[in-house]
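The residues making up each chain are set out below.
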Amino acid sequence: MKFAIDRLSLLRPLGHVSSVVERRNTIPILANIVMRAEAGQLSLTATDMEMDIAEQISCSVQQEGACTVPAHLFYDIVRKLPDGAEVEVSVADGNASIKAGRSAFTLPTLPVEDFPAFNISDLPVHFSLTTADMRHQIDTTRFAISNEETRYYLNGIFFHKSDSGALAAVATDGHRLALAQMDMPQGAEAMPEIILPRKAVGELRKLLDDEDGEVSVNLSETRAEFAFGHVRLTSKLIDGSFPDYTRVIPKGNDKILSVDTGLFSAAVDRVSTISSEKSRAVKLSLTNNLLTLSASTPEASSAVEEIEVSYTGEDLDIGFNARYLLEIAQQVEGDVMQLALSDPGSPSLISTPEDDQNLFVLMPMRV
Amino acid sequence: MPPFLRLLPEQLINQIAAGEVIERPASALKELVENAIDAGASRIDIALDEGGLAGLSVADNGCGMSKADIELAITRHATSKLAEDDLLAIAHFGFRGEALPSIASVAVVDITSRLEGEAHGWHLHIAHGAQNQAKPAASDIGTMVEVSDLFGSIPARLKFLKTKKTEAAQCLDVVKRLAMACHTIAFHLSDSGRNILNLSAQPDNDVGRQARLAAIIGTSFAREAVPIEAMREDVILHGLAGLPTMNRPTTAQMYLFVNNRPVRDRQILGAVRAGYQDMLPRGRHPIVTLFIDLPTTEVDVNVHPAKAEVRFRDSARVRGLIVGALSSALREAGMQATHEGGAEALRHLSQPSYPSSSNWASGRASGSNIQRPSYGQYSASPSAGMLGSAANFQSPLQASPPPNAAGFLSEASPQARYEAPTEQEELRNFPLGAARAQLHKTYILAETEDGVCLIDQHAAHERLVMERMKEQQLAGQIPSQALLIPEIVELPADQIESLLQLEEALQSLGLYLEGFGEGAVLVREIPALLSDAAIKPLIADVAEELVMLGGSSALEDKLGHVLATMSCHNSVRAGRVLNQEEMNALLRQMEVTPAAGQCNHGRPTFVTLSLAELEKLFGRR
């Protein structure tokens with residue numbers, strides 16, 4: 001195998017692909033990426049056994065063939081080569097040599113046959129959506145993904161067809177929930193309910209940063225494939241059933257608070273400066289059109305800030321985790337956010353007025 | 001033909017009973033010594049042969065037995081100790097009337113006894129249950145029981161016996177525990193003619209009890225342990241609790257007594273551990289002697305054949321008393337660290353190994369590791385934690401810096417490394433003394449009135465930060481985070497019941513739960529500090545401890561662990577240079593902080609070396 005390629009065109013795809021490779025592996029071949037040079041194309045593939053990413057770039061192939069090299073090492077080498085360098089890769093006697101200008105590197109290779117082959121199973125459901133929509137679905141929900149391993153079915157984003165027929169993305173960690181809905185793309189009506197694991201969500205989101213246009217999605221009950229540009233990401237899905245989240249979305253919370261999103265999150269951020277680092281409790285006290293945010297610690301420091309809001313319900317005191325409030329406020333679209341409250345022990349519904357597609361549920365804290 | 005029922009022969013019944021009660025020489029010994037104590041003896045002589053494997057004998061000067069009694073004694077359920085036939089009012093060690101017949105069924109037993117006022121005694125010989133007539137014999141007043149050929153009739157059990165050494169150690173442990181409980185009785189134990197234990201009778205008061213404990217566990221324990229004295233309604237608790245830094249890998253040195261009966265009860269062991277919470281390293285156990293006295297009607301000792309376990313009518317109260325008394329006593333004793341550390345250091349020091357010349361040179365070069373206090377910084381305002389006296393001591397310095405201050409600021413020669421300014425003299429009166437120098441940016445060397453202290457700055461500060469955090473946590477309601485989807489935790493019914501009984505106590509720690517049908521609880525809110533933790537295992541731990549130990553510290557442990565990690569990150573690390581003012585402030589804070597003798601992981605925060613020990617080290621004494 002022998003090919004030559006411009007450093008810059010190699011660097012980005014290599015970065016994409018190698019980021020899926022774990023830094024420490026018990027199976028040596030998993031630390032490697034596959035390079036296959038064929039018909040003027042170089043394809044790069046890497047996997048962590050849960051997901052894999054493949055990307056294709058055009059290059060000048062002098063001799064067709066394939067090999068695997070240590071992913072992070074190869075990436076670091078290419079990263080440090082000077083701008084505009086022409087990288088020449090060739091394989092002989094089980095070693096890959098990388099040359100650029102007057103630099104030369106030799107890396108060990110492992111046989112391509114040992115690389116785990118993903119069985120390309122049948123992915124019966126096909127549909128496509130814009131990268132902007134995909135980004136929105138992920139951004140709105142991913143912050144609420146649970147990190148707790150025992151409830152593994154919460155360790156990802158739940159994509160499914162909602163009761164109203166929309167494509168819904170949901171994530172929750174048991175303390176808060178985020179829901180993003182969009183019109184059902186054509187062909188997705190029969191999609192299975194899937195839970196996309198956290199790592200795949202992260203990698204997919206990174207790849208989407210650089211892309212415009214359409215994402216084509218292929219699904220089965222156990223696997224999902226996302227293809228766009230020259231990239232293809234496939235991932236196993238979490239085998240579990242997501243809880244019936246619709247039951248925890250409160251209905252009939254009648255104490256409606258509307259507040260400027262920017263002012264609110266800045267105030268929460270300021271007030272929570274003093275609350276203890278782990279629990280971060282902030283109290284919201286509501287009375288006629290006035291919101292008072294307060295926090296205090298047992299060491300007797302305290303903070304208070306008042307904001308003009310629109311609120312006409314009964315007076316109410318309710319506590320929240322400031323970090324949760326801020327993370328939600330960051331994802332709320334629009335200048336005004338609306339909190340529908342009930343009582344200090346019940347879930348609150350956070351959304352934007354006139355938007356019933358994206359919403360957040362937050363459980364209060366007892367402070 | 002169906003098998004028909006029949007009553008087992010007496011001999012077999014006794015052997016079955018022996019299976020429960022007599023499993024090794026030590027258990028036979030226990031029964032015999034208890035009989036001797038119950039007989040009102042004031043002196044008990046115990047002789048082992050080959051660690052008890054070849055035989056053992058127990059001789060007392062108690063009330064003795066008549067001929068009829070001796071013959072009846074080896075009949076099952078014959079006892080003189082249940083006067084009112086009331087199993088709830090048990091004032092003796094024994095009451096089941098099973099010990100002697102059990103032993104007699106599996107060994108060769110010779111009983112010799114004489115009642116006071118009788119002309120001669122009687123002797124009875126039983127070989128593996130085969131009983132003879134009692135014969136007249138010469139005897140002192142009291143009873144002597146000799147056991148030999150133990151388990152000769154049950155070869156299977158014989159195979160389970162351990163080595164001579166192990167069995168002897170077990171016997172010694174039994175005698176020690178009983179001797180602690182009965183300090184007014186003299187005990188003498190010998191093994192194959194060798195003296196093992198010789199304890200003289202002590203007067204029937206606290207002094208006598210302390211003397212007995214010191215004689216058994218060691219004087220260093222008695223000197224360094226914290227006295228425990230507590231009472232709740234009619235339950236009285238007293239004893240000695242070893243400092244947490246003096247710990248052992250097993251529970252063998254936890255001596256527990258209920259109404260003077262040595263027990264190894266899980267509930268009490270659990271309560272003791274909870275009392276030592278976050279002061280012991282993981283997997284280490286304290287040395288304690290705890291006596292729990294309560295009305296006999298409040299405790300059921302008829303639970304375990306060997307009476308090692310007991311059941312309290314109100315176990316929550318007993319647990320609460322133990323946990324409360326231990327933790328408050330240990331916290332008050334916070335300023336003590338065990339002498340063991342110092343003694344250990346001394347042992348290492350007194351076996352000097354002279355360093356090779358190259359080491360020696362590098363040792364000298366590292367003299368720069370000693371952080372000289374810089375007087376230039378003394379004009380800085382005292383840190384908030386400084387005690388008044390520490391602040392006072394500054395003023396003269398500000399007025400007139402000591403003449404040698406310049407020497408300290410410049411690169412002084414190693415010989416002139418330190419000279420105590422007289423202003424520091426008064427600081428020496430504090431328990432941890434006056435900070436003299438920082439060694440290797442990690443240890444503080446302090447001079448006290450009668451010795452020196454070495455303090456680990458990170459370990460010490462960690463404890464200070466942790467205690468402060470704990471105080472803050474407990475001062476207010478612990479914030480709790482409500483769950484969007486309540487977690488259902490499946491548990492056995494008994495665990496659910498005890499969880500729900502403690503609902504209020506758990507709520508004050510931020511855990512809100514309620515019953516959820518049969519076999520599950522519903523968790524509504526969890527402590528905000530633990531919001532990243534897995535809920536199910538946490539609840540299961542708490543519930544299991546509640547049932548097994550009658551109380552749980554699992555939740556506090558977990559919260560404590562989070563606090564400990566936080567405090568570890570928020571405290572002064574090793575490697576940080578401290579000036580003298582900071583060092584003294586740290587020492588003064590340690591003196592007023594509970595449990596300052598150990599860091600959050602149970603390691604000692606400081607060791608002391610007395611002047612006497614130093615003098616010994618240099619041959620001045």
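Everything below is about the structure printed above this text.
Note that this is a predicted model, so its numbers are computed, not measured.

To continue, consider the overall build of chain A. Each helix and strand counted, chain A has six helices and 26 strands in total. Among the 367 residues that make up chain A, the fraction classed as buried is 55%. Sequence separation of at least 24 residues holds for 67% of the intrachain contacts in chain A that already meet a minimum separation of 6. As presented, chain A carries roughly 16,500 Å² of accessible surface, and 47% of it is formed by carbon and sulfur atoms.

Turning our attention to the packing of helix 1 (residues 7–18) of chain A against helix 2 (residues 71–80) of chain A. Residue and element names in this part refer to chain A. Closest axis-to-axis distance for the helix 1/helix 2 pair is 10 Å, and the angle between their directions is 150°. In terms of orientation, helix 1 and helix 2 fall into the roughly antiparallel class. As for how helix 1 packs across helix 2, the hand of that crossing is left-handed. Note on element contacts: helix 2 touches helix 1 through Ala71, His72, Phe74, Tyr75, Val78 and Arg79, opposite Arg7, Leu10, Leu11, Leu14, Gly15 and Ser18. When grouped by side-chain class, the residues that make up the contact of helix 1 with helix 2 number seven nonpolar, three polar and two charged.

The subject of this paragraph is the environment of Met182 of chain A. Residues and elements named next belong to chain A. With respect to the secondary-structure elements, Met182 resides in strand 13 (residues 176–182). Here Met182 falls in the buried class, since its relative accessible area comes to 12%. With 16 residues separating them in the primary sequence, Met182 and Ala166 have C-alpha atoms 5.6 Å apart. Look past the residues within four positions of Met182 in its chain and what remains in contact with it is Leu129, Asp133, Gln137, Ala166, Leu167 and Gln357.

In this complex, chain B contributes 23 residues to the contact, which on the side of chain A involves 24 residues. Summed over both partners, the interface of chain B with chain A comes to about 2,100 Å²; 59% of that surface belongs to carbon and sulfur atoms. Contact with chain A buries area across many residues of chain B, yet Gln481, Leu484 and Ile485 of chain B alone supply 33% of it, more than any other trio. Remark: the boundary between chain B and chain A carries two salt bridges. Its salt-bridge partner being Glu525 of chain B, residue Arg366 of chain A comes within 2.6 Å of it at the nearest N-O pair.

The next thing to look at is the pairing of strand 13 of chain A. Residues and elements named next belong to chain A. Where burial is concerned, most of strand 13 is hidden: seven out of the seven residues are buried. Both strand 12 (residues 167–172) and strand 13 contribute to a ladder of six bridges, which runs antiparallel. Considered in strand 13, the bridge of Thr172 is made with Leu177. Two successive antiparallel strands, strand 12 and strand 13, enclose a turn made up of three residues, where Gly174 displays a positive phi of approximately 90°. Summarising the sheet, strand 13 and strand 25 (residues 358–362) pair through five bridges and their orientation is antiparallel. Note that in strand 25 the partner of Ala178 across the bridge is Phe360.

Calculation rules
Residues numbered from 1 in each chain as written. Chains lettered and ligands numbered in written order. Predicted model: local features only at pLDDT ≥ 70, side-chain atom pairs only at ≥ 80, totals over all residues. Heavy atoms only, no water. Helix = DSSP H or I, 4+ residues; strand = E, 2+ residues; numbered from the N terminus. Buried < 20%, exposed > 50% of the residue type's maximum accessible area, 1.4 Å probe, protein only. Contact = heavy atoms within 4.5 Å. Areas by Shrake-Rupley, 256 points an atom, 1.4 Å probe, with all protein chains shown as cover. Axes fitted to C-alpha atoms, helices over the stretch in contact; angles between N-to-C directions. Parallel < 35°, antiparallel > 145°, perpendicular 65-115°, else oblique. Left-handed = near helix turned anticlockwise from the far one by under 90°. Nonpolar A, V, L, I, M, F, W, Y, C, P; charged D, E, K, R; others polar. Buried area = accessible area lost by both parts, 1.4 Å probe. Salt bridge = Lys/Arg side-chain N within 4 Å of Asp/Glu carboxyl O. Pairing = 2+ DSSP bridges.

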